[in-house]
Amino acid sequence: MIEPVSAPDDNVPGAADLLDELDTHDWKRAGSTAGPRLGRSATRVHSPASANTTILDHLAACDTEVSDFIAAARQTPAPRADAAQPGRAGIYEHARAQAELLGDDWQECLAAMEWRHAASSALLMGDVDIIRREPCPDCRTWGLVWVASRRAAMCVNRHCAGHGAPRMWNLAELAAARTASLPHRAAN
């Protein structure tokens, strides 16, 4: 009898852990990440930035998105839960507590946002294996690879291709597909 294939282990650090790691001096240093170098570029007339603006922009965008989520959740009639942990971990914990009180839609939105933050942080650190741990949203095989130049995941299963071209998904689409199948606790 053929045993069903199980998903790869889910020992992925959380979004708060990865963002805290990116928030260190080593990652904020100029040149700490290597983005895709496509074609030629103009000759520089000014010195490059002394900090990695990609990392700083990513940290600011993630922090703003979680703050906006919490602000939107506060406008709904749910009791406020205080975070027990300091820093980003506490903020994510606070958002999870609010989402749990508000129901499935909020939980799914937060889970997708949290996975997207963790995945984009891991990709900035050079860890493309986080994409390989996800099944293809269409064919459900474990054939996703990260294509840095397109900033998208591509399915390498030839039977999954549509109109002769491989199917591709950005991080938001992967996060939505991932969280759509997760079980959620109903609101109180």
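Parameters at a glance
- Residues numbered from 1 in each chain as written.
- Predicted model: local features only at pLDDT ≥ 70, side-chain atom pairs only at ≥ 80, totals over all residues.
- Heavy atoms only, no water.
- Helix = DSSP H or I, 4+ residues; strand = E, 2+ residues; numbered from the N terminus.
- Buried < 20%, exposed > 50% of the residue type's maximum accessible area, 1.4 Å probe, protein only.
- Contact = heavy atoms within 4.5 Å.
- Expected span 1.5 Å × (residues − 1).
- Pairing = 2+ DSSP bridges.
- Phe/Tyr/Trp six-rings, centres within 6.5 Å; stacked < 30°, edge-to-face > 60°.
- Arc of directions from axis to C-beta.
- Polar contact = N/O pair within 3.5 Å; in protein donor to acceptor, adjacent residues only side chain to side chain.
- Core = buried A, V, L, I, M, F, W, Y, C linked by side-chain atoms within 4.5 Å.
- pLDDT = per-residue confidence, 0-100.
- Axes fitted to C-alpha atoms, helices over the stretch in contact; angles between N-to-C directions.
- Parallel < 35°, antiparallel > 145°, perpendicular 65-115°, else oblique.
- Left-handed = near helix turned anticlockwise from the far one by under 90°.

## Quick look at the overall build of the protein chain
When you go through the protein chain residue by residue, the secondary structure sums to seven helices and three strands. Each helix and strand of the protein chain, ordered N terminal to C terminal, gives the series α-α-α-α-α-α-β-β-β-α. Within the span of the protein chain, comprising 188 residues, buried residues form 33% of the whole. Taking the intrachain contacts of the protein chain between residues at least 6 apart in sequence as the baseline, contacts between residues at least 24 apart amount to 55%.

## Points about helix α5 (residues 104–124)
Each α-helix winds once per 3.6 residues, and so residues spaced three or four apart point in a common direction. Taking 1.5 Å as the rise per residue, α5 with 21 residues should run 30 Å; its terminal C-alpha atoms sit 30 Å apart, in good agreement. Positive backbone phi, approximately 95°, marks G126, located one or two places after α5.

## So, the pairing of strand β1 (residues 144–147)
The alternating pattern of β1 places L144 and W146 and V145 and V147 on opposite faces, both of which are buried. Note that β1 and strand β2 (residues 152–155) share four bridges and pair antiparallel. Residue V147 lies in a different strand from β2, and its bridge partner there is A152. In textbook terms, the turn of a hairpin is the stretch between consecutive antiparallel strands, and for β1 and β2 this stretch comprises four residues, one of which, R151, has a positive phi near 50°.

## Remarks on the packing of aromatic side chains
Enumeration according to the criterion identifies one aromatic pair in this entry. Here F69 and W106 contribute two aromatic rings whose centre-to-centre distance is 5.4 Å and whose plane-to-plane angle is 70°, an arrangement assigned as edge-to-face. Taken as a pair, F69 in helix α3 (residues 53–74) and W106 in helix α5 lie far apart in primary sequence, 37 residues in all.

## Re the environment of A95
Position of A95 among the secondary structure elements: in helix α4 (residues 87–102). If near-sequence neighbours (up to four positions away) are discounted, A95 is found in contact with F69, I70 and L110.

## Examining α3
Along its 22 residues, α3 runs 31 Å from first to last C-alpha, staying within 8% of the 32 Å computed at 1.5 Å per residue. Buried within α3 are the following residues: I55, H58, L59, C62, V66, F69, I70 and A73. The arc that holds the buried residues of α3, viewed along the axis, is 100°, so those residues lie on one side. The inward-facing, buried residues of α3 abut α1 (15–22), α2 (25–28), α4 and α5. For α3, the capping residue at the N-terminal end is N52, with a side-chain oxygen 3.1 Å from the backbone nitrogen of T54.

## Some remarks on the nonpolar core
Residues L22, W115, I131, L144, W169, L171 and L174 are the most contacted members of the largest nonpolar core, which totals 37 residues. Broken down by secondary-structure element, the contributors of at least two residues to this core are α1, α3, α4, α5, α6 (129–132), β1, β2 and α7 (171–180). Of all the elements, α5 adds the most residues to this core, at nine residues. In this view, L22 contacts W27, K28, I55, H58, L59, S121, L124 and M125; residues no more than four positions away in its chain are not counted.

## Some remarks on the confidence of the model for the protein chain
Taken residue by residue, the protein chain gives an average pLDDT of 79. The fraction at 70 or more is 78%. Counted against residues more than four places away or in other chains, residues 1–9, with its pLDDT under 50, gives seven contacts.

## Brief notes about the packing of α5 against α7
The contact between α5 and α7 brings their axes to 8 Å, and the two run at 135°. Here α5 lies oblique to α7, going by the angle between them. Taken as a pair, α5 and α7 cross one another with a handedness that is right-handed. Between α5 and α7, the contacting residues are E108, A111, A112, W115, R116, A119, S120 and L123 on the first element and L171, A172, L174, A175, A176, R178, T179 and A180 on the second.

## Thoughts on the environment of D17
If you trace the backbone, D17 turns up in helix α1. Placed 104 residues apart in sequence, D17 and S121 show a C-alpha to C-alpha distance of 9.7 Å.

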